[in-house]
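Working through the structure, step by step
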Amino acid sequence: MLSEERKEELIRLTRDLVAQRSESGHEDGAAGVLGRYLRDSGFDQVTVDGLGNVIGKLTGSCPGPRVLFDGHLDTVPVANPAAWTHDPYGCEIADGRMYGRGTSDMKGAVAAFTAAAGFFARDRNRDFPGEICVAGTVHEERFEGVAARSVSRIVRPDYVIIGEASQCDLKIGQRGRAEIVVETFGVPAHSANPDKGVNAVYAICRVVEAIRRLPCPEHPVLGRGILELTDIKSAPYPGASVVPSRCRATYDRRLLPGETEESVLAPIQALLDRLMAEDPTLRARVSYAQGEETCYTGTAIRARRFFPAWLYDEEEPFVQSILSELRSAGPEVRVTQYSFCTNGSHYAGEAGIPTVGLGPSREDLAHTDDEYIELEQLYLACERCQAVLRALLR
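Residues numbered from 1 in each chain as written. Predicted model: local features only at pLDDT ≥ 70, side-chain atom pairs only at ≥ 80, totals over all residues. Heavy atoms only, no water.

A full pass over the atoms with the stated rule returns 8 aromatic pairs. Considering the side-chain rings of Phe69 and Phe113, the 5.6 Å spacing of their centres and the 20° angle between planes classify their relative orientation as stacked. Placement of the pair is Phe69 in strand S3 (residues 62-72) and Phe113 in helix H3 (residues 103-123), with a sequence separation of 44 residues. Each member of the pair, Phe69 as well as Phe113, is classed as buried. Look at Tyr159 and Phe318: their rings are 5.9 Å apart centre to centre, the planes differ by 35°, and that puts the pair in the tilted class. With a gap of 159 residues between them, Tyr159 in strand S7 (residues 159-162) and Phe318 in helix H7 (residues 317-329) connect regions that are remote in the sequence. Overall, the relative accessible area of 23% leaves Tyr159 in the partly exposed class. These aromatic residues form a ring-pair network of at least three members: Tyr159, Trp310, Tyr312 and Phe318. (Phe/Tyr/Trp six-rings, centres within 6.5 Å; stacked < 30°, edge-to-face > 60°. Helix = DSSP H or I, 4+ residues; strand = E, 2+ residues; numbered from the N terminus. Buried < 20%, exposed > 50% of the residue type's maximum accessible area, 1.4 Å probe, protein only.)

This part covers the pattern of salt bridges. Side chains that differ in charge, positive against negative, can pair when their charged atoms come close. Tallying each qualifying case throughout the model produces 27 salt bridges. The shortest N-O distance in the salt bridge between Glu144 and Arg177 comes to 2.7 Å. Taken together, the positions of Glu144 in the loop between strand S6 (129-137) and helix H4 (146-155) and Arg177 in strand S9 (residues 176-185) put the pair 33 residues apart, joining distant regions of the chain. The exposure class of Arg177 is buried, given its relative accessible area of 10%. Among the salt bridges present, the one from Glu183 reaches Arg246, with a minimum N-O distance of 2.4 Å. With Glu183 in strand S9 and Arg246 in strand S13 (residues 246-255), the pair connects residues that are 63 residues apart, well separated along the chain. Classification of Glu183 as buried rests on a relative accessible area of 4%. Accessibility expressed as a relative area gives 35% for Arg246, which makes it partly exposed. Ionic contacts of the salt-bridge type, sharing partners, join the residues Glu144, Arg177, Glu179 and Arg305 into one network. (Salt bridge = Lys/Arg side-chain N within 4 Å of Asp/Glu carboxyl O.)

In short, shape yes, function no, at least from these values alone.
This is the structure:
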């Protein structure tokens, strides 16, 4: 159990992080708070990489595995402050809850695992094998797993714990996510003489209806690989008496284990090939959306929007080791999967690093008005992160 003094330390760190507005691309204030805490707490090394990720390292007394705790510092914006009954950056505590943007998603988790790492090392006077690393990453809300690529190159972890909300249960997988773009190309003409052109919007309508009939793959644990239309935009826009010569539809595709960039696009490409063979006036293509954002350091971050799924078997030895330690330390721990995408898309999905998720609070509190975290969840996450370290650094 955490002492009252350690509970206060954990609350202070959470408050300091939440008080800093840190929408994607503006995480510098929160990064500064985390960096100062790491240095003041005696971490052996504190690094800020070119993207602005903050990485702290504690080295044990002898060789052993390297364990990384990962959590993002960016948050979604507060869309309507008037809809909040508590100041989104005031960190008010009422009825055992701390309110504020990022309390659940996921500054509370960053505080919990960072404090846990320090407490674990202090209690053992650094007498443990291996290394403990913590990372406050940037741009996760827009690019799940992309900034994490830099962290894994620097840290080279043997195990990763994602701190996303799990109610302190153990998560062993998630569906991935891709943004798929389908475009149609027509011939411009004056809308008073539409027969002189080819309307790309009519073409996209036919394509969208055909795509809607495509079957989606299913997984016995993670469910359906959803393919959902999210927007359509014609060009030029506004039309101003012009038959649109181009139209773009965007799809959100939820990915399943084993799916690749090629395998996901293949059925859509085959459908487009068939439709174009049937109608010589139809021109269409499919691709992945490309994203580009600027980090608070000024560095550009670019990526194709394809973030893989991942899933481990509950019987995996490293999962069983963690479960055994967690269950010996307290109440029953459930084993489930995340319903959303996380930085695990890189660590587990791309890099193949043994990864689990464990963090405080509920998934459905993310991005909500009056977002909060229960203090008891914050304390429990800190205790369970120390249990994870006991399991992996024996």
